[in-house]
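Structure assessment
Residue strings, one per chain:
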Amino acid sequence: MSKFLYHAHKLVFLRAMSLLGLSYIVLAVGGVLIVGTFSHVLAQETKQITSGESARQNQTSSVVLLPKHKRPIAEERLESLFNTESISYLLNHNEDALRRGDVSAGYYVAEQAFGNLVPALKPLRERLANHGFSFELTYKGEAMGNMSGGLSKGMDYTHEVRIAMLFDLGRLTKWEPLNGWFLHGIVMNREGRQVGWDHVGERNVLLTEVWSIHGPAAARLADLYAEKSFLNNRININLGRIALTHTYSTSVLLCTFMTMCSAPMAIREPAGWSVYPKTSWGGTFRIRPTRDLILRTGVYRIGPKAADNTGWAWGSEPSTGIQTPVELTWEPFFGARNLPGHYKIGYGHDTSPYADMIGTIPPAFAGAVHKHKEKARDTFYIEADQMVYRSHGQHQMAGGYVLAGFVHNTPSNSTFSNEFYAGASLLGIIPGRPFDRFGVMYSYYQLSPRTTYGQQLRQMAGMSMGEYVNAPQTHSAILEAYYGIPIMPGLVVTPEFEYMMRPGETSVIPNAVLAGLKVISAL
């Protein structure tokens, strides 16, 4: 095991170095100017770091640092269109002060590492940011083993090395028309295997986050989009290559769970939602109608999931339709402790033609059973999370939450017709460990009834029900628990537990018990 981890981490760092080189392909805009800026800043900062001044200044760093922003969060900069509130007016009359002072947590789980492994680089980061460039190099590794049940005992390892970049185009170019324009870019490496496929017998629900629906990728280009706010920060737009699950049906709380990041499985599975790291050409439009409401919508070009696992082959990328999601979020504060909540309702319409999930109809039933015509797919979801106590801070992750959600897809042409989840994410439940986080989540998955019906027909006819299918598939469920431990600034270690009920969405394979470890580090 130790030898395996040694070679795995050695591979991680080698790939990290290669990613740093590949990532600069993203610097097509303002490339010459950026290199000149870097050279000037690096020369100055090298002298400071060599003298030891920066290292001494950062010796006081500790793991209790509050979350900090690795890149701008659009909703924070949004001003309301109307200087009023919706039903939050009935809850708290100090809404304005609360909303300005409440710090939003970043999307990426890696940012919960609260700092960086190399604090001596802080002065360099600050000077680069002042010149218009910010970056984060993060590593996320997941090792999960099946200890009982499923198909076999065994462990799989998977990792992600990612560099996320933010360019302030106005500062970089010194050109006034570009003031307020930002360019976001992410390049990553993903390697490993999926424990659900190899040892559990689960092919629909992913039991680890990093492996993702799209499998390994040597150097994948994910997000690459421009951002701009207008009308005194009352309207925010994103244009370019966008992962929809960075905007819709997601939260930092969901992404603390392996089985839920970066969105519920019923959202991630349909091709129309271009789940991270897959991206789609499109644009996102955000407004805050009142101080406690946020509206997100957009139009995105959709293609098959299996096409282009690198993110670079834009010219050969096929298109099947258009996705038009809309999401409304209510963000109230409750009680004397000003406990924040997030209540979402969303809808998405994908115009791509999707086939009936019934599959092949046996000849014996061909006269009585007919396939539905290909048609578009709709998704509806409702999600909520509510802080129930505060602990060690005023930001949005300083406390314990309960959360729940429901997702419904068009049943006849979707893998998952319904998904329900409920859980809790609790901070500091063990005395003396105020910044550890414990999470538990139950999630239920129902497959399309047309899938079940087709498999039943083929079973009665003595035909194969499909690859890896050993009985008509109906539903499955997962109980997941984790305990996140911040070891030092920039490093979080999280033991994980999963209990998979009805692997393969049948009762044929025994329920599986899995345990593992997730490591998140930020340079």
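Values in this document were obtained by computation on a predicted structure and should not be read as measured data.

Brief notes about the overall build of the protein
Broken down by element type, the protein carries 10 helices and 17 strands. Considering only contacts within the protein whose residues lie at least 6 apart along the sequence, 70% involve residues at least 24 apart. Roughly 21600 Å² of accessible area belongs to the protein as shown, and the carbon and sulfur atoms make up 64% of that amount.

Some details on the state of the cysteines
In total, this model carries 1 disulfide according to the counting rule given. What pairs with Cys255 in a disulfide is Cys261, and their sulfur atoms sit 1.5 Å apart. No difference in accessibility class separates Cys255 from Cys261, as the two residues are buried.

So, a nonpolar patch on the surface
Side chains of Val326, Leu328, Ile345, Tyr347, Phe380, Ile382, Phe406, Phe420, Tyr442, Leu479 and Phe497 sit close together on the surface and give an oily, nonpolar patch of about 860 Å² of accessible area. Listed by contribution, the elements that provide at least two residues to the nonpolar patch are strand 8 (321–330), strand 10 (339–354) and strand 11 (375–390). Tracing the chain through its elements places Phe380 in strand 11.

Points about the packing of aromatic side chains
Throughout the structure, instances matching the rule amount to 10 aromatic pairs. Pairing Phe133 with Phe167 gives two aromatic rings, centres 5.2 Å apart and planes at 40°, and the pair type is tilted. With Phe133 in strand 1 (residues 133–148) and Phe167 in strand 2 (residues 154–168), this pair connects stretches of sequence that are 34 residues apart. On the basis of relative accessibility, which here comes to 1%, the residue Phe167 falls in the buried class. Taken together, the ring pairs connect Tyr248, Trp273, Tyr300 and Tyr381 into an aromatic cluster. When the ring centre of Phe135 is taken as reference, the NZ or CZ atom of Arg125 above it lies at 4.7 Å. Sitting above the plane of the Tyr354 ring, Arg377 keeps its charged end 3.7 Å from the centroid.

As for the pairing of strand 8
Bridging between strand 7 (residues 293–302) and strand 8 involves 8 bridges; their strand directions are antiparallel. Within strand 8, the residue paired with Leu295 across the bridge is Leu328. Note: strand 8 against strand 10, 8 bridges, orientation antiparallel. If you follow Trp330 over to strand 10, its bridge partner there is Tyr343.

Here we look at the nonpolar core
By size, the foremost hydrophobic cluster in this structure holds 41 residues, and its most contacted members are Leu207, Met260, Phe416, Met441, Tyr445, Met500 and Leu514. When near neighbours in sequence (up to four residues on either side) are disregarded, Phe416 contacts Asn204, Val205, Met265, Ala266, Glu269, Asn409, Tyr445, Gln446 and Leu447. Grouped together as the second largest cluster of nonpolar side chains are 22 residues, Leu137, Tyr157, Leu172 and Val519 included.

Details of the pattern of salt bridges
Side-chain pairing between opposite charges can occur once the charged atoms of the two side chains come close. Within the structure shown, the criterion is met by 12 salt bridges. Measuring nitrogen to oxygen at the nearest pair gives 2.8 Å for the salt bridge that ties Lys140 to Glu209. Here Lys140, found in strand 1, pairs with Glu209, found in the loop between helix 8 (195–200) and strand 4 (217–230); they are 69 residues apart in sequence, far enough to count as distant. No difference in accessibility class separates Lys140 from Glu209, as the two residues are buried. The salt bridge partner of Arg171 is Asp168, with a shortest N-O separation of 3.6 Å. On the basis of relative accessible area, Asp168 is assigned to the buried category, the value being 14%. Three or more residues are tied together by salt bridges with common partners; here these are Glu160, Arg162 and Arg190.

Points about the environment of Ser464
Locating Ser464 in the fold gives a position in the loop between helix 10 (449–460) and strand 15 (475–488). Separated by 104 residues in the primary sequence, Ser464 and Thr360 have C-alpha atoms spaced 9.8 Å apart. Within the local environment of Ser464, its side chain forms a polar contact with the backbone nitrogen of Gly466, the two atoms lying 3.2 Å apart.

So, helix 10
Taking 1.5 Å as the rise per residue, helix 10 with 12 residues should run 16 Å; its terminal C-alpha atoms sit 17 Å apart, in good agreement. Restricting attention to buried positions, one finds in helix 10 the residues Arg450, Thr451, Thr452, Gly454, Gln455, Leu457 and Arg458. Where helix 10 begins, the capping side chain belongs to Ser448, and its oxygen is found 3.1 Å from the backbone nitrogen of Arg450. Note on helix 10: the residue one or two positions beyond its end, Gly462, has a positive phi of about 75°.

Concerning unusual backbone geometry
Residue Ser262 follows Cys261 across a cis peptide bond; omega there is 10°. Here the residue pair Tyr276 and Pro277 is connected by a cis peptide bond, since its omega of 10° sits within 30 degrees of zero. Summarising the element assignment, Pro277 is placed in the loop between helix 9 (265–268) and strand 6 (280–287). Of note, the phi angle at Lys174 is positive, near 60°, even though the residue is not glycine. Overall, Lys174 belongs to the exposed group, its relative accessible area being 67%.

A closer look at the pairing of strand 2
Where burial is concerned, most of strand 2 is hidden: 13 out of the 15 residues are buried. Where strand 1 lies against strand 2, 14 bridges are found, and the strand directions are antiparallel. Bridge assignment links Phe133 to a residue of strand 2, and that residue is Phe167. Between the end of strand 1 and the start of strand 2, which pair antiparallel, lie 5 residues, with Gly149 showing a positive phi angle near 75°. In this structure, strand 2 lies alongside strand 3 (residues 182–192), joined through 11 bridges in antiparallel fashion. Among the inter-strand pairings, Met165 is bridged to a residue of strand 3, identified as Gly185.

Re the environment of Leu231
Residue placement: Leu231 occurs in the loop between strand 4 and strand 5 (235–242). With relative accessibility at 58%, the residue Leu231 sits in the exposed group. In the structure, Leu231 is positioned 153 residues away from Leu78 in sequence and 10.0 Å away in space, judged by C-alpha atoms.

Parameters at a glance
- Residues numbered from 1 in each chain as written.
- Predicted model: local features only at pLDDT ≥ 70, side-chain atom pairs only at ≥ 80, totals over all residues.
- Heavy atoms only, no water.
- Helix = DSSP H or I, 4+ residues; strand = E, 2+ residues; numbered from the N terminus.
- Contact = heavy atoms within 4.5 Å.
- Areas by Shrake-Rupley, 256 points an atom, 1.4 Å probe, with all protein chains shown as cover.
- Disulfide = S-S within 2.5 Å.
- Buried < 20%, exposed > 50% of the residue type's maximum accessible area, 1.4 Å probe, protein only.
- Patch = residues over 30% accessible without salt bridge, like charges linked within 9 Å, V, L, I, M, F, W, Y side chains within 5 Å.
- Salt bridge = Lys/Arg side-chain N within 4 Å of Asp/Glu carboxyl O.
- Phe/Tyr/Trp six-rings, centres within 6.5 Å; stacked < 30°, edge-to-face > 60°.
- Lys NZ or Arg CZ within 6 Å of the ring centre and 35° of its normal.
- Pairing = 2+ DSSP bridges.
- Core = buried A, V, L, I, M, F, W, Y, C linked by side-chain atoms within 4.5 Å.
- Polar contact = N/O pair within 3.5 Å; in protein donor to acceptor, adjacent residues only side chain to side chain.
- Expected span 1.5 Å × (residues − 1).

What is shown is where atoms sit, not what they do.
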